[in-house]
Each structure stands twice: as structure tokens, then as C-alpha cells.
Amino acid sequence: MTDKTHQFKQVLNDHHQWPCPYVYKFIVPSEKMDQFRELFASETLETRPSRTGKYTSVTITSTMCSAEEVMEVYEKAAQVPGVMSL
């Protein structure tokens, strides 16, 4: 585990009492939305296209039980080329 990953995990544990709802925000290239939807098929995605349509903002709210679960979702999203996590 890198120092940055360890630090992020510590911040999550310091600011959240598990289980709790966690809000994820991503910017996804619009041409990759099908791939993103496939990875998160069991989640409800709130989407909004950018003004030009090149990108789509995605919000996912899920109940998470630990910092590790939160980090797994970010790692899963990173499989989609060009995705940005906010």
C-alpha cells in the first residue's frame, strides 16, 4: 500500500463512521459510458452530460461498510480509460 493510499484510508476512517452512505463523483468520457455502466450495473447512476457532450458526470451513492470498500469502487472505476474521480 502506497503512502498516498494509506493516507486516504486514514482520512476516510477519521471522517466516516461505518456503515454509512458514501457519494462518489466521476467524470467519464461519454464514449466510455457503456463500459462504466457495465462495471456498475448494480448501482443507480445519476448522470449529466457536459455542455459539449464530450463528458458525462456520474454520481453514485452507496452504503459502504469500510474504507476498503470505498477504495475498491475507485479502483474499479479506474479500469475505464479516461475516467476522473472527484
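Please refer to the structure placed before this passage.
Counting restarts for each chain, with residues numbered from 1 along the sequence as it is written. This being a predicted model, a pLDDT of at least 70 is required before a residue's local features are given, and a value of 80 or more before pairs of side-chain atoms are given or counted; all residues contribute to the totals for chains, interfaces and linings. Each side-chain value is worked out from all heavy atoms of the structure, with water and hydrogens disregarded.

Focus on the packing of aromatic side chains
Line of reasoning, step 1. Between rings of Phe, Tyr and Trp, where Trp is taken as its six-membered ring, a pair exists when centres lie within 6.5 Å; planes separated by under 30 degrees are stacked, by over 60 edge-to-face, and by other angles tilted. Enumeration according to the criterion identifies nine aromatic pairs in this entry.
Line of reasoning, step 2. Counting every residue linked through ring pairs, the aromatic cluster contains Phe8, Tyr22, Tyr24, Phe26, Phe36, Phe40 and Tyr74.
Line of reasoning, step 3. Working rule: Lys NZ or Arg CZ, within 6 Å of ring centre, within 35 degrees of ring normal, means a charge sits over the ring. Between Lys76 and the ring centre of Phe40, over which it is positioned, the NZ or CZ distance is 4.9 Å.

What about the sheet that holds strand S1 (residues 20-29)?
Strand-to-strand pairing in sheets goes through backbone hydrogen bonds, with the strands running parallel or antiparallel.
Line of reasoning, step 1. Pairing between strands is defined by DSSP: at least two bridges between them are needed. Think of it this way: any DSSP run of H or I at least four residues long counts as a helix, any run of E at least two long counts as a strand, and we number them from the N terminus. The sheet built from four strands is open, its strands ordered S2-S3-S1-S4 with antiparallel pairing. For this open sheet the edge positions go to strand S2 (45-49) and strand S4 (84-85), each flanked by a neighbour on one side alone.
Line of reasoning, step 2. Pairing analysis gives ten bridges linking S1 to strand S3 (residues 55-64), with the strands arranged antiparallel. Bridging from a neighbouring strand, Val28 pairs with Thr56 of S3.
Line of reasoning, step 3. Should any heavy atoms of two residues lie within 4.5 Å, those residues are counted as being in contact. To obtain each axis, a line is fitted to C-alpha atoms, and for helices this fit is confined to the stretch in contact; angles are then taken between N-to-C directions over 0 to 180 degrees. On the sheet, helix H3 (residues 67-77) packs against S1, S3 and S4 and is oriented at approximately 10 degrees with respect to S1.

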